[in-house]
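Commentary on secondary and tertiary structure
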Amino acid sequence: VIVGELALTLATMGERGRRTSVFVTCDHGRGEDFRHHGARWPESSRVFLVAAGGSIPARGVARGSAEHRLRDIAPTIRALLSLPPDRSPLAGSPIEALLPERERTLAP
């Protein structure tokens, strides 16, 4: 509901709303029973990511062919904003599927 309200608000903001990208995820997944997480529930290591708007290509529901980590979200946003990459050894990598063609060629 809240993401829908956010989308409706952005739609009323003209160009500024069209240029805005929205990322929604969580810090960890859940076990099959949707109550537990941690090492005893390996399926809880997977999380969802909703990324839409701005220059993110509209693709509908997509499953990436590469495995990504939460640490890949910040480099993706940096690439979308044309900021230099974080060279820290702990920094992730941009999620290529979320980048327009022009940023894909610039990603490290």
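Everything numeric in this text was worked out from a predicted model, so none of it was measured.

1. Quick word on the environment of T25
- Tracing the sequence through the fold places T25 in strand β1 (residues 21-25).
- For the pair T25 and L49, spaced 24 residues apart in the sequence, the C-alpha separation amounts to 4.7 Å.
- Among all residues touching T25, those that are not within four sequence positions of it are V47, F48, L49, L70 and I73.
- A polar atom in the side chain of T25 sits 2.5 Å from the backbone oxygen of F48.

2. Brief notes about a nonpolar patch on the surface
- Taken together, I77, L81 and L83 make up a surface patch of nonpolar side chains, about 260 Å² in accessible area.
- By relative accessible area, which is 56% here, L81 ends up exposed.

3. Observations concerning unusual backbone geometry
- Even without being glycine, S82 reaches a positive phi, approximately 60°.
- By the element assignment, S82 lies in the loop between α3 (73-80) and α4 (101-104).

4. Looking at the confidence of the model for the protein
- In the predicted model, the protein carries a mean pLDDT of 86, and the fraction of residues at 70 or more is 93%.
- Mean pLDDT values for the elements of the protein range from 64 in α4 up to 95 in α3.

5. Points about the environment of V1
- You can see V1 is positioned in the segment before α1 (2-11).
- When the C-alpha atoms of V1 and S65 are compared, they prove to be 29 Å apart, with 64 residues separating the residues in sequence.

6. A few points about the side chain of T76
- Structurally, T76 can be placed in helix α3.
- Of the polar contacts made by the side chain of T76, one reaches the backbone oxygen of D72; its length is 2.7 Å.
- Residues within four places of T76 in sequence aside, it is in contact with F23, S93, P94, I95, L98 and L99.

7. Describing the pattern of salt bridges
- What the rule picks out here adds up to two salt bridges.
- Between E15 and R18 there is a salt bridge; the shortest N-O distance is 3.4 Å. Residue E15 and its partner R18 are located together in helix α2 (residues 14-19), separated by three residues, close to a single helical turn.
- For E15, a relative accessible area of 44% gives the class partly exposed.
- With its nearest N and O atoms 2.9 Å apart, the salt bridge here joins E67 to R69.

Reading the values: the criteria
- Residues numbered from 1 in each chain as written.
- Predicted model: local features only at pLDDT ≥ 70, side-chain atom pairs only at ≥ 80, totals over all residues.
- Heavy atoms only, no water.
- Helix = DSSP H or I, 4+ residues; strand = E, 2+ residues; numbered from the N terminus.
- Contact = heavy atoms within 4.5 Å.
- Polar contact = N/O pair within 3.5 Å; in protein donor to acceptor, adjacent residues only side chain to side chain.
- Patch = residues over 30% accessible without salt bridge, like charges linked within 9 Å, V, L, I, M, F, W, Y side chains within 5 Å.
- Areas by Shrake-Rupley, 256 points an atom, 1.4 Å probe, with all protein chains shown as cover.
- Salt bridge = Lys/Arg side-chain N within 4 Å of Asp/Glu carboxyl O.
- Buried < 20%, exposed > 50% of the residue type's maximum accessible area, 1.4 Å probe, protein only.
- pLDDT = per-residue confidence, 0-100.

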